[in-house]
Amino acid sequence: MAKNLEEWVEGDVRSLKEKGLRWLSEEYFFRDQVCPMISHPSYFFAPADWILLYLETVKPEDPIVEIKGKAYSMRDAMRDPAYQYPSMVVGIFMTFFDVHVNRMPFAGRLCYRELEAIHTYNHPMLALEKSVVDDLCINLDQTGYLHSNQRMLNKIIAPDLGQHYYVLQIADYDVDAIMPFHLKQNRRLAQNQRSSQIRYGSQVDLIVPLIPGTEGRFSRPTWALC
């Protein structure tokens, strides 16, 4: 069920903030809650528990978001200067209090590849998490990690959709652990089926290319939560 930030912090986070890091890691963070295997061809399901950072339709060279005046585009996100499609992109930030098991938004054949690192170390996401949990606001100036951190690009070919889409996973500081559950490439997975996990705080973006002839189909997208 979707909640605003204040409802989520008061209802889901407040009672856990005094717990130690070891307890959170052993008893809470790595939980894998039961999620119904609902399938519906009219919906994209959220790939993760989430804080919604952005939901934009952008051209490949235009900024999804500006971070302290520096543009972050689809080509930057996918590290592909030749990426050519305008796209809908949904940015999902996962705090330390969220389930980090990622699931399939729409059924299809999944292949994945880790993109080349820009820096030796990932930049921390803690400043953004603190603004969300402590200040009840989303400060996009704290998302500088988007320019640099380790990422896995998952491409899903969805015959029922008539095209492909992407799930982009971005790791937090000193994590270096995006873990696919299915190592075989081009494996068919059902909608809402578990696909992978990112350890500790992280981000997942759902990217739907608006391939010529499909723009109208996605002009009013419907999103659903597990």
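See the structure printed just above.
Reading guide: rules and limits
Residues numbered from 1 in each chain as written. Predicted model: local features only at pLDDT ≥ 70, side-chain atom pairs only at ≥ 80, totals over all residues. Heavy atoms only, no water. Phe/Tyr/Trp six-rings, centres within 6.5 Å; stacked < 30°, edge-to-face > 60°. Helix = DSSP H or I, 4+ residues; strand = E, 2+ residues; numbered from the N terminus. Buried < 20%, exposed > 50% of the residue type's maximum accessible area, 1.4 Å probe, protein only. 1 Å grid on protein atoms, 1.4 Å probe; cavity = no way out; pocket = protein on both sides within 12 Å on 5 of 7 lines; lining within 4 Å. Points joined across faces, edges and corners; volume = space filled by probe spheres on them. Nonpolar A, V, L, I, M, F, W, Y, C, P; charged D, E, K, R; others polar. Arc of directions from axis to C-beta. Contact = heavy atoms within 4.5 Å. Polar contact = N/O pair within 3.5 Å; in protein donor to acceptor, adjacent residues only side chain to side chain. Pairing = 2+ DSSP bridges. Axes fitted to C-alpha atoms, helices over the stretch in contact; angles between N-to-C directions.

Once that is clear, we can look at the packing of aromatic side chains. Enumeration over the complete set of coordinates arrives at five aromatic pairs. Aromatic side chains F44 and Y165 sit 5.6 Å apart centroid to centroid with 75° between the ring planes, which places their arrangement in the edge-to-face category. Here Y165 lies in strand β9 (residues 163-171) and F44 lies in strand β1 (residues 44-45), a separation of 121 residues in the sequence. Like Y165, F44 is buried. With a centroid separation of 6.3 Å and 75° between ring planes, the pair formed by Y83 and Y166 is classed as edge-to-face. You can see Y83 sitting in the loop between α3 (74-78) and β5 (87-94) and its partner Y166 sitting in strand β9, a full 83 residues away along the chain. You can call Y166 buried: its relative accessible area is 9%. An aromatic cluster of three or more residues is present, and its members are F44, F106 and Y165.

Let us now look at empty space enclosed by the protein. Empty pockets left among the atoms are what a rolling probe the size of a water molecule brings to light. Taken as a whole, this structure holds two cavities of 30 Å³ or more when the rule is applied. Of the volumes computed, that of the largest cavity is approximately 70 Å³. Of all the secondary-structure elements, those providing two or more residues to the lining of the largest cavity are β6 (101-103), β8 (151-158), β9 and β12 (194-198). Of the residues in the lining of the largest cavity, the class split is six nonpolar, five polar and one charged.

Looking now at helix α1 (residues 5-13). Taken residue by residue, α1 has L5, W8, V9 and V13 as its buried positions. Buried residues of α1, viewed axially, fall in a sector of 95°; they line one side. Turned more than 90 degrees away from the buried face of α1 sit E6 and G11, all of them exposed. On its buried face, α1 sits against β2 (51-58) and α4 (126-133). Sitting at the head of α1, N4 places a side-chain oxygen 3.2 Å from the backbone nitrogen of E6.

This next bit is on the sheet that holds strand β7 (residues 108-114). Two modes of strand pairing occur in sheets, parallel and antiparallel, and in both the strands are linked by backbone hydrogen bonds. Taken in spatial order, the seven strands line up as β2-β5-β13-β9-β8-β7-β11 in an open sheet, and their pairing is antiparallel. Whereas interior strands pair on both sides, the edge strands pair on one side only; in this sheet they are β2 and β11 (187-189). Put simply, the sheet's adjacent strands are angled 25° from each other on average, direction ignored. Pairing of β7 with β11 involves three bridges; the strand directions are antiparallel. Opposite R109, over in β11, you have R188 as the bridge partner.

Turning our attention to α4. Of the residues making up α4, those classed as buried are L128, E129, S131, V132 and V133. Where α4 is buried, its residues touch α1, β2 and β5.

Two faces, one strand: in a regular strand the side chains alternate between the faces of the sheet. For β8, the tally of buried residues reaches six of eight residues, placing the bulk of the element in the interior. Where β7 and β8 come together, six bridges link them in antiparallel fashion. For E114, the partnering residue across the bridge sits in β8 and is M152. Pairing analysis gives eight bridges linking β8 to β9, with the strands arranged antiparallel. The partner of R151 across the bridge, within β9, is I170. If you look at the hairpin formed by β8 and β9, you'll find four residues sitting between the two strands, and G162 has a positive phi there, around 80°.

Positive phi, close to 60°, is recorded for N186, a residue that is not glycine. If you trace the backbone, N186 turns up in the loop between β10 (178-180) and β11. In this structure N186 comes out as partly exposed when scored by relative accessible area, which is 44%.

Honestly, that's just the spatial picture; any functional story needs more than this.
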